[in-house]
Amino acid sequence: MATNEAETPNADQIAYWNEAGGSVWVEMQDRFDQMTAPFSRRVVEALAPKAGERLLDIGCGSGGSTLDLARRVGPGGQVLGVDISVPMLDLARRRAAEAGLGNVRFVEADAQTARLEPPGFDGLFSRFGVMFFDDPATAFSNLYGALRPGARLAFVCWRSMAENGWATVPLAAALRHLPPLPPPVPGAPGAFAFADPDRIRGILGRAGFSGIGVTAFDTKAGVGDLDQTLALVLRSGPVGALLREHEDKRDTVAAAVREALAPHQTADGVLLDTAAWIVTATA
Ligand SMILES: C[S@@+](CC[C@H](N)C(=O)[O-])C[C@H]1O[C@@H](n2cnc3c(N)ncnc32)[C@H](O)[C@@H]1O
């Protein structure tokens, strides 16, 4: 890692979500919103937002969940979406303006280190936006400091890669044509960083949270038909990352992944196993 990157927390993630990651999420935002909808419903239910509350949406991306929360807290409440991705935040702001929502703000900030003002938020929400911190203990202590005593936390994160067919089905097909992956580093920043529930409990507990709940939520989910799913898989997640390093294999991998996804087609599009944790706590 270059010296500058070592000095800036989350430098790799900031680069990723402003470049390859940000562009695919902006372009395919409706697909990602479709896939994450069942998780959103569960985690919103767990947070139970009330009219008039001030909420944080951490790693809010293009704002799908932020706008939903803003409608729930109503004109007397407020939601602050926090993210490091400029292109995703630009889209989130456009969507808020189109929806005519005046009670939502977005800030470009690293949730691990930024002071989120004014403190005393009533709740912290995140839909798959808290697994990317290079120092999650510091990040959750920082977030704890932005909440009022008694505030609620509810976020959703992935369990292990092995339990998530949306990652393993295309990856196994791709790896038949690519060099083997280095062994994964447990807990490394990325989609599966919070697979271990004891690690989540430890990080939240040390940050000051109590009443920590970690509940499994399993469902079949998808982003659309076979073409839509293939287009997204080739540009995001583990297969997308591999193809950015092995462009020459794109056509071969695309054919193999298409074949692997085909048996998972249903009347509702390609549906794959997903496995998440719904995490709740009190500040
Ligand atoms: C998987 S996306 C989820 C986006 C959004 N929550 C959704 O469900 O559509 C992860 C998001 O976390 C953001 N993120 C990653 N590290 C972050 C950090 N340190 N501070 C704030 N946001 C971060 C990324 O930029 C990205 O928008």
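Residues numbered from 1 in each chain as written. Predicted model: local features only at pLDDT ≥ 70, side-chain atom pairs only at ≥ 80, totals over all residues. Heavy atoms only, no water.

Participant: Give a description of the sheet that holds strand S6 (residues 210-221) that names residues and reports values.
Facilitator: On the basis of which strands lie adjacent, the open sheet formed by 7 strands has the order S3-S2-S1-S4-S5-S9-S6 and mixed pairing. Each edge of the sheet is formed by a strand with only one pairing partner; in this case those strands are strand S3 (104-108) and S6. When the angles between neighbouring strand axes are averaged without regard to direction, this sheet yields 15°. Judged from the 5 bridges that link them, strand S1 (residues 54-58) and strand S2 (residues 78-83) form a sheet pairing that is parallel. Across the sheet, residue Arg-54 finds its bridge partner in S2, namely Gln-78. The sheet contacts of helix H4 (residues 29-47) involve S1, strand S4 (121-127), strand S5 (147-158), S6 and strand S9 (272-282), and relative to S5 the element is tilted by about 150°. (Pairing = 2+ DSSP bridges. Helix = DSSP H or I, 4+ residues; strand = E, 2+ residues; numbered from the N terminus. Axes fitted to C-alpha atoms, helices over the stretch in contact; angles between N-to-C directions. Contact = heavy atoms within 4.5 Å.)

Participant: Could you give an account of helix H12 (residues 250-261), with specific residues and numbers?
Facilitator: Spanning 12 residues, H12 covers 16 Å between terminal C-alpha atoms, matching the ideal 16 Å at 1.5 Å per step. Among all positions of H12, only Val-253, Ala-254, Ala-256, Val-257, Ala-260 and Leu-261 are buried. On its buried face, H12 is in contact with helix H8 (165-175), helix H10 (226-233), helix H11 (237-245), strand S7 (265-266), strand S8 (269-270) and S9. (Expected span 1.5 Å × (residues − 1). Buried < 20%, exposed > 50% of the residue type's maximum accessible area, 1.4 Å probe, protein only.)

Participant: Just give me the short version of the packing of helix H7 (residues 136-145) against helix H9 (residues 197-207), but keep the residues and values in it.
Facilitator: Taken N-terminus to C-terminus, the directions of H7 and H9 make an angle of 45°; their axes are 8 Å apart at the nearest point. The pairing of H7 with H9 is recorded here as oblique in orientation. The chirality of how H7 crosses H9 is right-handed. The residues of H9 that touch H7, namely those facing Pro-136, Ala-137, Phe-140, Ser-141 and Tyr-144, are Arg-199, Ile-203, Leu-204 and Ala-207. (Parallel < 35°, antiparallel > 145°, perpendicular 65-115°, else oblique. Left-handed = near helix turned anticlockwise from the far one by under 90°.)

Participant: So what about the pattern of salt bridges? Which residues, and what values?
Facilitator: The tally for this structure, following the rule as stated, stands at 15 salt bridges. A salt bridge links Arg-127 to Asp-33, with the shortest nitrogen-to-oxygen separation between them at 2.9 Å. Of this pair, Arg-127 sits in strand S4 while Asp-33 sits in helix H4, and the two are 94 residues apart along the sequence. Between Arg-258 and Asp-227 there is a salt bridge; the shortest N-O distance is 2.5 Å. (Salt bridge = Lys/Arg side-chain N within 4 Å of Asp/Glu carboxyl O.)

Participant: Go over the packing of aromatic side chains, please, and point to the residues and values.
Facilitator: Enumeration over the complete set of coordinates arrives at 15 aromatic pairs. Arranged with centres 3.7 Å apart and planes meeting at 5°, the rings of Trp-25 and Phe-32 form a pair that is stacked. For Phe-32, a relative accessible area of 7% puts it in the buried group. Ring geometry for Phe-39 against Phe-128: centres 5.2 Å apart, planes inclined by 75°, an arrangement best described as edge-to-face. Of this pair, Phe-39 sits in helix H4 while Phe-128 is found in the loop between S4 and H7, placing the two residues 89 residues apart along the sequence. (Phe/Tyr/Trp six-rings, centres within 6.5 Å; stacked < 30°, edge-to-face > 60°.)

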